[in-house]
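Structural overview
Take a look at the letters that make up each chain.
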There are 2 protein chains.
Amino acid sequence: MENYFESRRTRRNFLDKEVPTEMLREIVGEAMRAPNTGNMQTYSVVYSRKGEARKALEALHFNQSASTGADLLLTVCADFNHFTRWCRLSDADAGYDNFLSFTSAMTDAVILAQQIVTIAEMRGLGSCYLGTVAYNAPEIAALLKLPELVVPVACLAIGWPADRGTESERLGVDAVLFEGTYPQLSDKELLKNYEAKDLYAPNEQFVKENGKRNLAQVFAEIRYPRSTNEPISEKLLAYLKRAGFMK
Amino acid sequence: MENYFESRRTRRNFLDKEVPTEMLREIVGEAMRAPNTGNMQTYSVVYSRKGEARKALEALHFNQSASTGADLLLTVCADFNHFTRWCRLSDADAGYDNFLSFTSAMTDAVILAQQIVTIAEMRGLGSCYLGTVAYNAPEIAALLKLPELVVPVACLAIGWPADRGTESERLGVDAVLFEGTYPQLSDKELLKNYEAKDLYAPNEQFVKENGKRNLAQVFAEIRYPRSTNEPISEKLLAYLKRAGFMK
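First things first, this report covers the structure right here in the doc. (Residues numbered from 1 in each chain as written. Chains lettered and ligands numbered in written order. Predicted model: local features only at pLDDT ≥ 70, side-chain atom pairs only at ≥ 80, totals over all residues. Heavy atoms only, no water.)

As a further point, take the packing of aromatic side chains. Across all of its chains, the model carries 29 aromatic pairs over all chains by this definition. On the numbers, 4.6 Å between centres and 10 degrees between planes, the contact of F80 of chain A with Y96 of chain A is stacked. Here Y96 of chain A lies in the loop between α5 (81–89) and α6 (99–122) and F80 of chain A lies in the loop between β2 (72–79) and α5, a separation of 16 residues in the sequence. With a relative accessible area of 2%, Y96 of chain A lands in the buried category. Ring centres of F83 of chain B and Y96 of chain B lie 5.6 Å apart, and the angle between their planes is 75 degrees; this geometry places the pair in the edge-to-face category. A residue pair is termed long-range when its members are at least 10 positions apart, and F83 of chain B in helix α5 (residues 81–89) and Y96 of chain B in the loop between α5 and α6 (99–122) qualify at 13 residues. (Phe/Tyr/Trp six-rings, centres within 6.5 Å; stacked < 30°, edge-to-face > 60°. Helix = DSSP H or I, 4+ residues; strand = E, 2+ residues; numbered from the N terminus. Buried < 20%, exposed > 50% of the residue type's maximum accessible area, 1.4 Å probe, protein only.)

The structure is reproduced here in structure tokens:
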């Protein structure tokens, strides 16, 4: 039998076919059995179905095909708002307006997102994370009316897949898994590890199309350059402060 | 057939029985097929097997039983070190010493961690996240010799489970999943959502043992109080800066 975990692929093209709300509720309900910090469950999921009302959200994801084509967009949030209100209503002094609480809630939200992905895919749905959530976090928060202490950390496009998805390469296990302590790799050993990416034929094609000399240059100079990363970092930190997570 | 996702439980007690290294390599290898940002794979896993050499790491996890009893402790790290070195060796200007890169690598590391949990548990192993990783991140980093741009974000205790684990309650789906925009719940609606926790019998017992009036007070005043959260937040932010992620 095919091993799901070994053979899974991200899907970016979807059929024009609804995912029943009851199916979504089942998937999220099962995913909520995933581990979380202290069983505080400091996460929430806002979902948006394909249609006119969703166009503004799609634009914040740069109208990438997965965002416009998927029946569902799930915005998964680090959420200490409800928990904090529950504490206050219970006459308890909630001290969760700080960075530790953000990383704790973010961890739990990402675990939840990934569990949703696994369950959805095992039921035959396709999914794709939209990394744009970090680029436009404050604008997405405004659009979805997220209050203080609720920050979007992952966005999932989910729907019935229209194709098998594209194959992609991975590093070898020994480039990632180390025993005891972090290794001091020589330059040669390190480059050897990245050969899995450098020599992967579609990547070589990609480098040529982008007029670069190698894949690392495509990453560092075109896809995720310093000139984009640094202003977005500033924007993200300023937003976390406004959202109440940087006390 | 039992639905794994619905019935899974965290395991904190483990048999004194080895998890074969080949099994660990297979699990991590399969987990690496999980989605990640731009296929940069900015994560790494340092594992430590039970024994004398691991005692210092266990102490940094406050010697909680899962940390001392599990055959394996996996420290899952947000890692832009190897990627940055690969860029430099490829004559590419890597700009990943910023907060956006940290959140991106942290997201991918947590996705990897959760995928490891799911695959390991589906193969009959038990697992438990150790939240202490956030409390002692810089000390853990020093012990595992993590260089710049490598930050531990999740720690997993993994082994053969000695029992079925403890049942735990969850919020209802409708307390977490919202359509369109974030809801403005009334106090009454919010308290109704948290009844799943307030009225859960073991929680009522827990409140009594702690001499508090309700569960929220146990969370906010004993388990995760402001007086602990705020100094740890400061320590974590200072460490992220030293690790090179706050440019």
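On to the pairing of strand β1 (residues 43–49) of chain A. The buried fraction of β1 of chain A is high, at seven of seven residues. Every second residue of β1 of chain A is oriented toward a common face, with Y43, V45, Y47 and R49 of chain A on one face and S44, V46 and S48 of chain A on the other, all of them buried. In this structure, β1 of chain A lies alongside β2 of chain A, joined through seven bridges in antiparallel fashion. Opposite R49 of chain A, over in β2 of chain A, you have L72 of chain A as the bridge partner. As judged from the three bridges shared by β1 of chain A and strand β5 (residues 177–179) of chain B, these two strands associate in the parallel manner. When the sheet's bridge partners are listed, Y47 of chain A is paired in β5 of chain B with E179 of chain B. (Pairing = 2+ DSSP bridges.)

Contacts between chain A and chain B engage 107 residues on the former and 107 residues on the latter. When the buried area of chain A at its contact with chain B is split by residue, R33, W86 and Y182 of chain A rank highest and sum to 9% of it. Here chain A and chain B share eleven salt bridges between them. A salt bridge links D97 of chain B to R226 of chain A; the nearest nitrogen and oxygen atoms lie 3.7 Å apart. (Contact = heavy atoms within 4.5 Å. Buried area = accessible area lost by both parts, 1.4 Å probe. Salt bridge = Lys/Arg side-chain N within 4 Å of Asp/Glu carboxyl O.)

Formed by 183 residues in total, the largest nonpolar core has its most connected members in I116 of chain A together with I116 of chain B. Aside from chain neighbours lying at most four places away, what touches I116 of chain B is I27, V28, A31, V45, L74, L156 and I158 of chain B. (Core = buried A, V, L, I, M, F, W, Y, C linked by side-chain atoms within 4.5 Å.)

This part covers the sheet that holds strand β3 (residues 126–129) of chain B. With mixed pairing, five strands are arranged side by side in an open sheet as β5(A)-β1(B)-β2(B)-β4(B)-β3(B). Looking along the sheet, the strands with just one partner apiece sit at the ends: β5 (177–179) of chain A together with β3 of chain B. When the angles between neighbouring strand axes are averaged without regard to direction, this sheet yields 25 degrees. Docked against the sheet, α6 of chain B engages β1 (43–49), β2 (72–79), β3 and β4 (150–159) of chain B, running at close to 5 degrees with respect to β4 of chain B. (Axes fitted to C-alpha atoms, helices over the stretch in contact; angles between N-to-C directions.)

By the secondary structure assignment, N136 of chain A is in the loop between α7 (132–135) and α8 (137–143). With sequence-adjacent residues up to four places away left out, N136 of chain A is seen in contact with L60, F62 and K235 of chain A.

Along the polypeptide, Q114 of chain A turns up in helix α6. By relative accessible area, which is 0% here, Q114 of chain A ends up buried. Residues Q114 of chain A and T68 of chain A, 46 residues apart in the sequence, show an inter-C-alpha distance of 21 Å. If we skip the residues at most four places from it in the chain, Q114 of chain A touches Y129 of chain A together with A34, P35, I111, Q114 and Q115 of chain B.

This next bit is on the side chain of R170 of chain A. On the secondary structure map, R170 of chain A appears in the loop between β4 (150–159) and β5. A polar contact of 3.0 Å, which involves the side chain of R170 of chain A, links it to the side chain of N39 of chain B. When near neighbours in sequence (up to four residues on either side) are disregarded, R170 of chain A contacts A196 of chain A together with M32, R33, A34, P35, N36, N39 and Q41 of chain B. (Polar contact = N/O pair within 3.5 Å; in protein donor to acceptor, adjacent residues only side chain to side chain.)

This paragraph deals with the pattern of salt bridges. Per the stated rule, a full pass over the model turns up 37 salt bridges over all chains. Notably, a salt bridge pairs R85 of chain B with D187 of chain A, separated by 2.7 Å at the nearest N-O pair. In this pair, R85 of chain B sits in helix α5 while D187 of chain A sits in helix α9 (residues 187–198), so the two residues belong to two different chains. For D71 of chain B, the salt bridge identified is with R49 of chain B, shortest N-O distance 2.7 Å.

Our next topic: the packing of α5 of chain A against helix α9 (residues 187–198) of chain B. Running from N to C, α5 of chain A and α9 of chain B point in directions that differ by 90 degrees, and their axes come no closer than 10 Å. Taken as axis vectors, α5 of chain A and α9 of chain B run roughly perpendicular relative to one another. Contact residues: H82, F83, R85, W86 and L89 of chain A in α5 of chain A; D187, L190, L191, Y194 and D198 of chain B in α9 of chain B. Counted by class, the contact of α5 of chain A with α9 of chain B contains six nonpolar, one polar and three charged residues. (Parallel < 35°, antiparallel > 145°, perpendicular 65-115°, else oblique. Nonpolar A, V, L, I, M, F, W, Y, C, P; charged D, E, K, R; others polar.)

Expressed as a screw operation, the relation of chain A to chain B combines 0.0 Å of axial shift with a rotation of 180 degrees, fitting to an RMSD of 0.0 Å. Here the copies are linked by what is in effect a two-fold axis. Of the interface residues in chain A, 100% have counterparts in chain B that sit at the interface too, so the contact is made through matching surfaces. (Least-squares fit on C-alpha atoms with pLDDT ≥ 70 in both.)

The end-to-end C-alpha separation of helix α12 (residues 226–242) of chain B is 24 Å, in line with the 24 Å expected for 17 residues at 1.5 Å each. As for α12 of chain B, its buried residues are in contact with α6 of chain A together with α6, α7 (132–135), α8 (137–143) and β4 of chain B. Positioned one or two residues after α12 of chain B, G244 of chain B has a phi angle of 95 degrees, which is positive. (Expected span 1.5 Å × (residues − 1).)

This part covers unusual backbone geometry. Peptide bonds are, in most cases, trans, and in most cases residues other than glycine have a negative phi. Not every positive phi belongs to a glycine, and Q41 of chain A is a case in point at roughly 50 degrees. One can find Q41 of chain A in the loop between α2 (21–31) and β1. Positive phi is not limited to glycine here, since N39 of chain B has a value of about 55 degrees. One can find N39 of chain B in the loop between α2 (21–31) and β1.

These results come straight from atomic positions and should not be treated as a statement about function.
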